[in-house]
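A look at the structure
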Amino acid sequence: MSLAASDAATAILLIPLGAAALLALLPGYLLTARLNVLATLLTLLAALALLTGDRPEPGVYLLIDDLNIVFIVLNTFVGFTTSVFSASYIAHEIEIGRLPRSYLRFYHAMYQALMFGMNLALIANNIGLMWVAIELATLTTVLMVGIYRTHEALEAAWKYFILGSVGIALALFGTILVYMAAHPVIGEGLNAMVWTTLIERVAAFDPALLNVAFVFLLLGYGTKVGLAPLHAWLPDAHAEGPTPISAVLSGLLLNVALYALLRFKLLLAANPAAIAAGTLMVTMGLTSLVFAAFMLYRRRDIKRMFAYSSIEHMGIIAFAFGMGGPLANFAGLLHMVMHSLTKSAIFFAVGHIAQVKGTQKIADIRGLTESHPLLGWGLVVGVVAIAGLPPLGIFMSEFLIVTSTFARAPLLAIPLVLGLLVAFGALLLRLNGLAFGEPHGSTAPVEASYVPMVAHLALVLAAGLYLPPPLVAWFQHVAGILR
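Here is a short report on the structure shown in this document. (Residues numbered from 1 in each chain as written. Predicted model: local features only at pLDDT ≥ 70, side-chain atom pairs only at ≥ 80, totals over all residues. Heavy atoms only, no water.)

What to know about the overall build of the protein chain
The condition that has to hold: Secondary structure elements are taken from DSSP: a helix is a run of H or I of four residues or more, a strand is a run of E of two residues or more, and numbering for both begins at the N terminus. The globule rule is 2.2 Å times the number of residues to the power 0.38, and the radius of gyration it is compared with is taken over C-alpha atoms. For the exposure calls, accessible area comes from a 1.4 Å probe over protein chains only, and a residue counts as buried if that area is under 20% of its type's maximum, exposed if over 50%, partly exposed in between. Contact criterion: two residues are considered in contact whenever any of their non-hydrogen atoms come within 4.5 Å of each other. In this count, Lys and Arg are taken as positive residues and Asp and Glu as negative ones, while His and the chain termini are left out. Note on charges: their place is set at NZ of Lys, CZ of Arg, CG of Asp or CD of Glu.
When helices and strands are tallied, the protein chain shows 19 helices and zero strands. In terms of overall size, the protein chain behaves like a compact globule, its C-alpha atoms giving a radius of gyration of 21 Å where 483 residues would be expected to give roughly 23 Å. Taken over the C-alpha atoms alone, the protein chain extends approximately 65 × 55 × 45 Å along its principal axes. Expressed as a percentage of the 483 residues in the protein chain, the buried residues total 61%. Within the protein chain, contacts between residues at least 6 apart in sequence are counted, and of these 81% link residues at least 24 apart. Averaging the positions of the 23 positive and the 22 negative side-chain charges in the protein chain gives two centres separated by 5 Å.

A look at unusual backbone geometry
In this structure, Pro229 follows Ala228 across a cis peptide bond, with omega equal to 5°. Cis geometry marks the peptide bond from Pro390 to Pro391, where omega comes out at 5°. With respect to the helices and strands, the residue Pro391 is situated in the loop between helix H15 (373-386) and helix H16 (393-408). For Arg149, which is not a glycine, the phi torsion comes out positive at approximately 65°. Here Arg149 lies in the loop between helix H5 (127-145) and helix H6 (151-186). Judged by relative accessible area, which is 43%, Arg149 ranks as partly exposed.

Quick look at H6
How we decide: Here the expected span of a helix is defined as 1.5 Å times the quantity of residues minus one.
Taking 1.5 Å of rise per residue, the 36 residues of H6 would be expected to cover 52 Å, and the 50 Å separating its terminal C-alpha atoms lies within 8% of that figure. Downstream of H6 by a residue or two, Gly187 has a phi angle that is positive, lying close to 100°.

Some points on the packing of aromatic side chains
Here is the rule we go by: The rule is short: rings of Phe, Tyr and Trp, with Trp giving its six-membered ring, pair when the centres are within 6.5 Å, and they are stacked under 30 degrees, edge-to-face over 60, tilted in between.
Enumeration according to the criterion identifies 13 aromatic pairs in this entry. Plain terms: the ring middles of Trp158 and Phe161 are 5.7 Å apart, the flat faces sit at 85° to each other, and that makes the pair edge-to-face. Of this pair, Trp158 and Phe161 both sit in helix H6, three residues apart, roughly one helical turn. Take Phe161: its relative accessible area is 32%, and that puts it in the partly exposed class. Taken together, a centroid distance of 4.4 Å and an interplanar angle of 10° make the contact between Tyr160 and Trp233 stacked. With Tyr160 in helix H6 and Trp233 in helix H9 (residues 233-240), this residue pair connects regions lying 73 residues apart in the sequence. Exposure class is identical for Tyr160 and Trp233. Each is buried. Here a set of aromatic residues connected by ring pairs shows up, and it is made of Phe85, Tyr89 and Phe348.

Topic: the environment of Met110
Looking at the secondary structure, you find Met110 in helix H4 (residues 104-123). With 352 residues separating them along the chain, Met110 and Ala462 place their C-alpha atoms 33 Å apart.

Brief notes about the side chain of Asn211
Looking at the secondary structure, you find Asn211 in helix H8 (residues 207-225). For Asn211, a relative accessible area of 16% translates into the label buried. Those residues in contact with Asn211 that sit more than four places away from it in its chain are Leu268, Ala274 and Ile275.

Describing the nonpolar core
Note the threshold: Residues belong to a common nonpolar core when they are buried Ala, Val, Leu, Ile, Met, Phe, Trp, Tyr or Cys residues joined through side-chain atoms within 4.5 Å.
With 174 residues, the main nonpolar core has Met118, Tyr221, Phe264, Phe306 and Leu379 as its most contacted residues. Top contributing element to this core by residue count: helix H10 (residues 243-269), with 18 residues. Filtering out sequence-adjacent residues up to four positions away, Met118 remains in contact with Asn75, Ala137, Val248, Leu252, Leu253 and Val256.

In structure tokens:
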């Protein structure tokens, strides 16, 4: 293990942890907002250092490998850009009196605690520690969803807390069952919870225990992923919480829970007598896709609509990883990255749109390309991207998913394409009114940072036009690991 690699892995955890403690003590908005951005930037730089250096040797608690480095870099990048967006967004919330200044220490400290929890979950080599980290990230976002202290926000936070607690309890039971399956082979103690040890010895585990464990893990972590029918917390949390938290939820936290599922899917794949975990993921993925696609037509709140879009796309990603194989896994990885970048960019635009219009009701937002051209056209590009139109990155990933499904399981391609087409129609129908026509509501200028939105959309467009060979080779390698 090189010193640089070890330092970078440690920094990914210590920077947000230290920043959370510091931000909880510091008063004032300007200073804390800048420190929040600085901390996420330093964490991103530490993550990027892992790409250029050697990987640290796996330990009892922490692991950096070719699989989780994809998630770590994505997590820290979107965490950084969201902190930049958050600085101008929260400043406006303070200015209009919607968010008291006394809550600022709490907000920024919780943001860094959330980044710490997600980073810890991604690099944990201990399945129990991973569970604790995801629970920490969940509780942190519960507190941030309710930060406005309105009736609706508190109701959404409690709903998230209750359903999240049920999910995390199911995931805990699944984790315990994995330990029970490992115990006769590995023995008592930490080694029976270390993922690198488990994957080496899992072929000798009791397949019946592993099968039951994965069912509980899929239900538990699937709640966090937002897969139907376990999704009920997600639309409320997006609609009532601060928009930066909506961006982090859709762009990052759902991916972290999905990462946990992929780790356990690998365990079952290495045991020849265990069930095919991919079949269960395909079923829940298709259910989520089709359900969310039809529900998009019924949405009247703009943030709630894009929350259902997140459910749809997490269903697509779960379906791709459930299908497995080099091409489907590659497409799933690409789709996950493109969705995180695109959906967070959409929420960046929606956050400032809701602020300037003073509402989240779709009926009260019209003609954005006329009243606020940059925000309006940014939303147009984001929705066109998330709907899967060329030449943007999600078109490429969806095309790969659909073609690989037609080649391997043509019957499954029917509900897959149906869901994609229904969602496509719903999004373009809503976009037509939002972006074009006679403007409604305030036409006051938006004092916001457009850099995060533009940066994300530029990356999504660039990925649709050209994927650098090193990136393709990297994703192909990770897709091979996932099986």
